[in-house]
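Fold and contact review
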Amino acid sequence: IRCQDNATDQPPAIIPNAPACDIKIVVTGDLVMAAGSQINANNEVQGGKGGDITITVGGDMTMCAQTGTAPGGVCSAPAPNTPGALISATAFGTNAGDTGGTVTITVGDKATAVGAFYMEGGTTGYGTETGAKIVVTAARAAGDISITSGSTYFTEPRAVVEAGGFNRNSDHQG
């Protein structure tokens with residue numbers, strides 16, 4: 001699922017400095033994001049904000065990786081070199097308002113202790129991660145990531161939850 005600011009997603013023309021659009025997903029049962037699947041609200045062209053992603057799941061949510069190790073066998077082993085499931089709300093511009101979007105995930109119901117959130121892990125080489133990944137980075141300021149589960153929250157080692165920002169126009173070097 002993609003709702004970005006590039007010409008592929010918003011034909012026929014790019015709107016200068018337009019934000020990526022928001023995505024809202026509501027699932028009454030379980031949600032399994034297979035390895036290779038993506039939910040993207042990235043701002044990729046010129047300036048603008050990454051879109052906000054809101055996911056509400058009535059049952060359990062699993063983000064699969066190349067490993068296919070989630071309990072209950074819900075993730076099958078994907079084809080070789082398939083990246084893990086990805087949720088991204090990134091902004092690539094360098095203007096002051098070019099911030100990452102927010103990712104808000106609510107799984108199950110805390111009052112009834114129903115709903116498990118599970119992210120499979122993988123390798124963590126920079127830019128070559130194979131585990132499930134949630135990213136809200138930006139050149140200026142990242143958005144927030146909020147994950148609430150009714151019963152269980154589990155992230156395998158080397159799954160990636162990344163929120164960060166840096167100033168590309170900075171005089172700092174490091």
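Anything mentioned here points back to the structure above.
The paragraphs below set out a description of the structure included in this document. (Residues numbered from 1 in each chain as written. Predicted model: local features only at pLDDT ≥ 70, side-chain atom pairs only at ≥ 80, totals over all residues. Heavy atoms only, no water.)

Next up on the list: the packing of aromatic side chains. A full pass over the atoms with the stated rule returns two aromatic pairs. Look at Phe 117 and Tyr 153: their rings are 5.4 Å apart centre to centre, the planes differ by 15 degrees, and that puts the pair in the stacked class. Residue Phe 117 is located in strand S8 (residues 116-119), and its partner Tyr 153 is located in strand S11 (residues 152-155); the two are separated by 36 residues in the primary sequence. (Phe/Tyr/Trp six-rings, centres within 6.5 Å; stacked < 30°, edge-to-face > 60°. Helix = DSSP H or I, 4+ residues; strand = E, 2+ residues; numbered from the N terminus.)

Burial along strand S4 (residues 53-57) is one-sided: the residues Ile 53, Ile 55 and Val 57 are buried and none of Thr 54 and Thr 56 is. Pairing geometry for strand S1 (residues 23-27) and S4, over five bridges, is parallel. Bridge assignment links Ile 25 to a residue of S4, and that residue is Ile 55. Sheet topology note: the S4/strand S7 (residues 103-107) ladder contains five bridges and is parallel. Bridge assignment links Thr 54 to a residue of S7, and that residue is Thr 104. (Buried < 20%, exposed > 50% of the residue type's maximum accessible area, 1.4 Å probe, protein only. Pairing = 2+ DSSP bridges.)

Right, let's get into the nonpolar core. Membership of the largest hydrophobic core comes to 24 residues, with the highest contact counts inside it found for Ile 53, Ile 55, Met 61, Met 63, Ile 87 and Ile 105. Of all elements in the fold, only S1, strand S2 (31-33), S4, strand S5 (61-63), S7 and S8 reach the threshold of two or more residues within this core. Sequence-distant contacts of Ile 53, that is, excluding residues within four places in its chain, are made with Ile 23, Ile 39, Ala 41, Ile 87, Ser 88, Ala 89, Thr 102, Val 103 and Thr 104. (Core = buried A, V, L, I, M, F, W, Y, C linked by side-chain atoms within 4.5 Å. Contact = heavy atoms within 4.5 Å.)

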